[in-house]
Amino acid sequence: MKILAIETSCDETAAAVVEDGTEVLASAVASSSNLHEKTGGIVPEIAARKQVEYIVPIIDEVLEKAGLTLEDVDKLAVTSGPGLIGSLVVGVSAAKTLSLVTDKPLIPVNHLVGHIYANWLVNADKINFPALALVVSGGHTDLVLVRGHGELEYLGGTVDDAAGEAFDKTARLLGIKKYLGGAELSKVAASCKENKMKGRLPRPKIKDEDFDFSFSGLKTAVKRIVENEEFELESLACEFENAVVDVLVEKTIRAAKEHNVKTILLGGGVSANNNLRNRISFEAEDLGVFISIPPIEFCTDSAVYIASAAYFNQNEKTLDDIKADPSLGIMDEA
Ligand code: KG4
Ligand code: ZN
């Protein structure tokens, strides 16, 4: 089954065609991130305007890359939330229009659940249930038990800033000017030869029995150091990254043990972080649990995993029932 998926939750305009939820036939992503560099943060209005401009060409592009026409596609899928309302509306309207004119069913997808499905594009035959998913993106940090397709159980999540948000805000505090500076901060951290700040930052909630996270205090602790001390940038970046990774890894591994899972699934933009990838792989292997980590291009936003999530959760809805919803949580129906 070929699914054509559309994703426009943030500043990307993305489309993809995926066969049977596992084989990417074509994918294309257009981004307006260069326009947000100047302001140091996303301007929703600009993102949405660019998406209006890119959406039709990007759909044409993936169909052409896949050597297909709309007629060859079996079903359509679209991200219905969470994300920026103006951006979501562009994708949802385009998908509904396609569904209407082609008479093909449309499957709405929760973007956060979508991130988990990036794993089926690379490890479909190695994933066994129950699995544990850590979704770490720009706006969300969630730990969920995946008992089967469509059978999610919420274990915990951030009570304040998401992991990616903490990376981005800290990057700004450290003078890293790039828009969404998380990846750049990580590069600076990787260049640190000796962490002279070791142990200076807290590991929030690391010993708490729950599976919740809190990252806003960490950012405040960095702010205090930046404002009051001479500091070495590489060391502070490294200490910050280690603090976030320590907490994410410790809680994920504890949840994996407690729930006796067969697989750990990583997803979301922050799973592109090398420190996190290495540490969680090491700990999962030590525990004897298969760890699935998508390649970097499937960690950041695109439409490939939206198509995969749609294949494995074919919750078709009538067009009237499909709505852009900026505030969907990971447990909410798309
Ligand atoms: O999933 P994503 O592409 O968009 C959302 O759905 O939010 O995640 C974007 C987030 C941003 O906060 C970005 O800074 C962060 O992922 N990110 C990273 C890295 N690459 C992307 N954070 C830490 N290290 C990285 N290498
Ligand atoms: Zn995302």
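So, here's what we can say about the structure.

1. So, the sheet that holds strand β5 (residues 106-110)
As summarised here, the arrangement of the five strands in space is β3-β2-β1-β4-β5, forming an open sheet in which the pairing is mixed. What marks the edges here is a single partner per strand, and that holds for β3 (23-31) and β5. Each adjacent strand pair in this sheet contributes to an overall mean axis angle of 20 degrees, direction not counted. Sheet analysis places strand β2 (residues 12-19) next to β3, joined by eight bridges and oriented antiparallel. Paired with Ala-16 across the bridge in β3 is Ser-27. Where helix α11 (residues 304-312) meets the sheet, it contacts β1 (2-7), β2, β3, β4 (75-81) and β5, and its direction lies at approximately 130 degrees from that of β1.

2. Focus: the site of ligand 1
Around ligand 1, a shell composed of 18 residues is seen, among which His-115, Gly-138, Asp-168, Gly-269 and Asp-301 lie nearest. Between an oxygen atom of ligand 1 and a side-chain N or O atom of His-111, the distance comes to 3.1 Å. Within the complex, 88% of the 560 Å² of free accessible area of ligand 1 lies under protein. Secondary structure elements with two or more residues in the shell around ligand 1: α4 (111-117), α6 (163-173) and α7 (182-190). Its residues assigned to classes, the shell around ligand 1 comprises four nonpolar, twelve polar and two charged.

3. A few points about α6
Structurally, the α-helix is built with 3.6 residues per turn, so residues lying three or four positions apart point the same way. For α6, the set of buried residues is Ala-163, Gly-164, Ala-166, Phe-167, Asp-168, Thr-170 and Ala-171. Those residues of α6 that are buried are in contact with β6 (131-136), β7 (141-148), α7, α8 (216-228) and α9 (233-258). Looking one or two residues beyond α6, the residue adopting positive phi is Gly-175, at roughly 85 degrees.

4. What to know about unusual backbone geometry
Outside of glycine, negative phi angles account for most residues, and trans bonds account for most peptide bonds. The linkage connecting Gly-81 with the following residue, Pro-82, adopts the cis geometry, with an omega of -5 degrees. Checked against the element boundaries, Pro-82 lands in the loop between β4 and α3 (85-102). The linkage connecting Phe-129 with the following residue, Pro-130, adopts the cis geometry, with an omega of -5 degrees. In this structure, Pro-130 sits in the loop between α5 (120-123) and β6. With phi around 50 degrees, Asp-20 is a residue other than glycine that occupies positive phi space. Position of Asp-20 among the secondary structure elements: in the loop between β2 and β3. On the basis of relative accessibility, which here comes to 32%, the residue Asp-20 falls in the partly exposed class.

5. A few points about the state of the cysteines
The full count for this structure, using the stated rule, is zero disulfides. In this structure Cys-238 is a free cysteine whose sulfur lies 4.2 Å from that of Cys-192, the closest cysteine sulfur available. A relative accessible area of 13% places Cys-238 in the buried class. Of all cysteine sulfurs, the one in Cys-10 lies closest to Cys-299, which takes part in no disulfide; the gap is 16 Å.

6. So, the packing of aromatic side chains
Per the counting criterion, the structure on display carries seven aromatic pairs. With 6.0 Å between their ring centres and 10 degrees between their planes, Phe-213 and Phe-215 make a pair best called stacked. Taken together, the ring pairs connect Tyr-117, Trp-120, Phe-129, Tyr-311 and Phe-312 into an aromatic cluster.

7. Structural notes on the packing of α7 against α9
Direction vectors running N to C along α7 and α9 enclose 115 degrees, while the axes themselves pass 7 Å from each other. Regarding the angle of α7 to α9, the classification is roughly perpendicular. Crossing angle aside, the handedness with which α7 passes α9 is left-handed. On α9, the residues that touch Leu-185, Ser-186, Val-188 and Ala-189 of α7 are Leu-233, Glu-234, Ala-237, Cys-238, Phe-240 and Glu-241.

8. Side note on the sheet that holds strand β10 (residues 290-292)
Within the open sheet, the five strands sit side by side as β8-β7-β6-β9-β10. Their pairing is mixed. Edge positions in the sheet fall to β8 (151-157) and β10, since each has one partner strand and no second. If you compare each strand with its neighbour and ignore which way they point, the axes differ by 20 degrees on average. As judged from the three bridges shared by strand β9 (residues 263-267) and β10, these two strands associate in the parallel manner.

Thresholds applied
- Residues numbered from 1 in each chain as written.
- Chains lettered and ligands numbered in written order.
- Predicted model: local features only at pLDDT ≥ 70, side-chain atom pairs only at ≥ 80, totals over all residues.
- Heavy atoms only, no water.
- Pairing = 2+ DSSP bridges.
- Helix = DSSP H or I, 4+ residues; strand = E, 2+ residues; numbered from the N terminus.
- Axes fitted to C-alpha atoms, helices over the stretch in contact; angles between N-to-C directions.
- Contact = heavy atoms within 4.5 Å.
- Near = heavy atom within 4 Å.
- Polar contact = N/O pair within 3.5 Å; in protein donor to acceptor, adjacent residues only side chain to side chain.
- Areas by Shrake-Rupley, 256 points an atom, 1.4 Å probe, with all protein chains shown as cover.
- Nonpolar A, V, L, I, M, F, W, Y, C, P; charged D, E, K, R; others polar.
- Buried < 20%, exposed > 50% of the residue type's maximum accessible area, 1.4 Å probe, protein only.
- Disulfide = S-S within 2.5 Å.
- Phe/Tyr/Trp six-rings, centres within 6.5 Å; stacked < 30°, edge-to-face > 60°.
- Parallel < 35°, antiparallel > 145°, perpendicular 65-115°, else oblique.
- Left-handed = near helix turned anticlockwise from the far one by under 90°.

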